[in-house]
Amino acid sequence: VQLQASGGGLVQAGGSLRLSCAASGRTFDAVGWFRQAPGRERAFVAAISSGGNLKYYADSVKGRFTISRDNAKNTVYLQMNSLKPDDTAVYYCARGVGNYNQEQIYTYWGQGTLVTVSS
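Reading the values: rules and limits
Residues numbered from 1 in each chain as written. Predicted model: local features only at pLDDT ≥ 70, side-chain atom pairs only at ≥ 80, totals over all residues. Heavy atoms only, no water. Core = buried A, V, L, I, M, F, W, Y, C linked by side-chain atoms within 4.5 Å. Buried < 20%, exposed > 50% of the residue type's maximum accessible area, 1.4 Å probe, protein only. Helix = DSSP H or I, 4+ residues; strand = E, 2+ residues; numbered from the N terminus. Contact = heavy atoms within 4.5 Å. Pairing = 2+ DSSP bridges. Phe/Tyr/Trp six-rings, centres within 6.5 Å; stacked < 30°, edge-to-face > 60°. Lys NZ or Arg CZ within 6 Å of the ring centre and 35° of its normal. Axes fitted to C-alpha atoms, helices over the stretch in contact; angles between N-to-C directions.

Caption draft 1: Inspection of the nonpolar core at higher detail. Counting residues in hydrophobic clusters, the biggest one holds 27 residues, and the most contacted among them are Trp33, Phe65, Ile67, Leu78, Met80 and Tyr91. At the level of secondary structure, the elements contributing two or more residues to this core comprise strand E1 (2–6), strand E3 (17–24), strand E4 (30–36), strand E5 (43–48), strand E7 (65–70), strand E8 (75–80), strand E9 (89–96) and strand E11 (113–118). The residues contacting Leu78, other than those within four sequence positions of it, are Leu17, Arg18, Leu19, Trp33, Ala46, Phe65, Thr66, Ile67 and Tyr91.

Caption draft 2: Looking closely at the pairing of E7. Side chains Phe65, Ile67 and Arg69 of E7 all project onto a buried face; the interleaved residues Thr66, Ser68 and Asp70 project onto a face where none is buried. Relative to E8, E7 runs antiparallel, the two sharing six bridges. By the bridge assignment, Thr66 is partnered in E8 with Gln79. Counted along the chain from E7 to the antiparallel partner E8, the turn is four residues long, and its residue Asn74 has a positive phi close to 55 degrees.

Caption draft 3: Representation of unusual backbone geometry. The backbone of Asn74 sits at a positive phi, close to 55 degrees, despite the residue not being glycine. Along the chain, the position of Asn74 falls in the loop between E7 and E8. The residue Ser82 is not glycine, and still its phi comes out positive at about 50 degrees. Turning to its location among the elements, Ser82 is positioned in the loop between E8 and E9. Relative accessible area serves as the criterion here: at 40%, Ser82 is assigned to the partly exposed category.

Caption draft 4: Up close: the side chain of Thr113. Within the secondary structure, Thr113 sits in strand E11. With a relative accessible area of 10%, Thr113 lands in the buried category. Ignoring any residue separated from it by four or fewer positions in sequence, one finds Thr113 in contact with Ala5, Ser6, Gly7, Gly8, Leu19, Ala89, Val90 and Tyr91.

Caption draft 5: Molecular detail of the packing of aromatic side chains. In this structure the tally under the stated criterion is five aromatic pairs. Between Phe44 and Tyr106 the ring centres are 5.8 Å apart and the planes differ by 50 degrees, which places this aromatic pair in the tilted class. Here Phe44, found in strand E5, pairs with Tyr106, found in strand E10 (residues 106–109); they are 62 residues apart in sequence, far enough to count as distant. Judged on exposure class, the residue Phe44 and its partner Tyr106 are both buried. Aromatic ring contacts, followed pair by pair, group Phe34, Phe44, Tyr56, Tyr106 and Trp109 into a single cluster. Between the NZ or CZ atom of Arg42 and the centre of the ring of Phe34, over which it lies, the distance is 5.3 Å.

Caption draft 6: Seen up close, the sheet that holds E3. If you trace the four strands from one edge of the open sheet to the other, you get E1-E3-E8-E7, paired in antiparallel fashion. In the strand order of this sheet, the two ends are held by E1 and E7, each with one partner. This sheet shows a mean twist of 15 degrees between the axes of neighbouring strands, independent of strand direction.

Structure representation (structure tokens):
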């Protein structure tokens, strides 16, 4: 399984970005997005079940981020709106088998993509 995250960049506070996570190989797994800011532990941000009907969001992003997937394209998206400087981090996607909202199931990781939100 290979994952490729993309879509990061520099954006002003209040702006939007859409991250993509493209997968090859085994594709019908749950997918999660995580982030790690400098000096902070990795945080579980959002997740989506294999069928796309179940979604998890961390409290810090509820109402601002939306996770979705297009299984025909083997791609999962994270639409991020109303971005804040605190959202600045390297964002990683990961795939796993099991309960989509349990971060310990995510064992296949892609490289991260940097999101920087300026104030």
